[in-house]
Amino acid sequence: LFSTMHTGGAHLDAFLVRVLPFTAVWALRSRQQISRLAGAMLFAAGSYAVMVTFSRATVFGFAIGVLIIAIWALLSARRTATSAARTATVVAGLALAEIASVPVFLGPFMQARMATVTSDFEVRTSHWEGAAEMMTDNWATMLFGMGLGRYPMTHLLLSTETGKPAVHRFTTEA
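Read on for a plain summary of the structure. If you're wondering where the values come from, they're calculated on a predicted model, not measured in any experiment.

Rules and cut-offs
Residues numbered from 1 in each chain as written. Predicted model: local features only at pLDDT ≥ 70, side-chain atom pairs only at ≥ 80, totals over all residues. Heavy atoms only, no water. Patch = residues over 30% accessible without salt bridge, like charges linked within 9 Å, V, L, I, M, F, W, Y side chains within 5 Å. Areas by Shrake-Rupley, 256 points an atom, 1.4 Å probe, with all protein chains shown as cover. Salt bridge = Lys/Arg side-chain N within 4 Å of Asp/Glu carboxyl O. Helix = DSSP H or I, 4+ residues; strand = E, 2+ residues; numbered from the N terminus. Axes fitted to C-alpha atoms, helices over the stretch in contact; angles between N-to-C directions. Parallel < 35°, antiparallel > 145°, perpendicular 65-115°, else oblique. Left-handed = near helix turned anticlockwise from the far one by under 90°. Contact = heavy atoms within 4.5 Å. Expected span 1.5 Å × (residues − 1). Buried < 20%, exposed > 50% of the residue type's maximum accessible area, 1.4 Å probe, protein only. Phe/Tyr/Trp six-rings, centres within 6.5 Å; stacked < 30°, edge-to-face > 60°.

Attention now moves to a nonpolar patch on the surface. A cluster of nonpolar side chains, Met 135, Met 146, Met 153, Leu 157 and Leu 158, forms an exposed patch at the surface whose accessible area comes to about 450 Å². Inspection of the secondary structure puts Met 135 in the loop between α7 (117-134) and α8 (139-144).

Written out as structure tokens, the structure is:
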């Protein structure tokens, strides 16, 4: 599942953002109090894990997922009084998990991360534009790209950036 992950990163972030809304739904739809409690605890722990990734895209994606689940929970609560009470409990748990994330957002590290959103976006946009400019202008490239694993060589040969990346090669020892 995480075979290419060594110290965290986008693999774990994507997993958390995809799985945690299902944890909330499990807690919401469960009929047993212990299951709802377990779901709420897992969701709270997962929420904390999302927050301490300090990844802006992960936090934003998670917030969107929580918003969708909260809207769904409120809309589904209109069916029965029992469902409404259960939904209110889970929505309150979701709200508490989100409130618990406030100290992370107010901390100096996350504040520094949020302060660089605009400049980071400009750098990334510049890289994307540069990568698009390096592509060969023909129909095959438009459909299939430059080739699997060809970006390092393409960047080395065609990039207009002043700095060049390091090169590598595979060898065998005698």
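Relative placement of two packed helices is described by the angle separating their axes and the distance separating the axes. Across the interface, helix α1 (residues 10-29) lies against helix α2 (residues 33-51) with an axial gap of 8 Å and an inter-helix angle of 155°. Here α1 is positioned roughly antiparallel relative to α2, judged by the angle of their axes. Where α1 crosses over α2, the handedness of that crossing is left-handed. Mapping the contact onto sequence places Leu 16, Leu 20, Thr 23, Ala 24, Trp 26 and Ala 27 in α1 and Ser 35, Arg 36, Ala 38, Gly 39, Ala 40, Leu 42, Phe 43, Gly 46, Ser 47, Ala 49 and Val 50 in α2.

Here we take up helix α3 (residues 56-76). Taking 1.5 Å per residue as the helical rise, α3 with its 21 residues ought to reach 30 Å, and the 30 Å between its terminal C-alpha atoms agrees with that figure. Taken residue by residue, α3 has Arg 56, Thr 58, Val 59, Phe 62, Gly 65, Val 66, Ile 69, Ala 70, Ala 73 and Ser 76 as its buried positions.

A separate point is the packing of aromatic side chains. Applying the stated criterion across every chain yields a total of three aromatic pairs. Taken together, a centroid distance of 6.5 Å and an interplanar angle of 80° make the contact between Phe 121 and Trp 128 edge-to-face.

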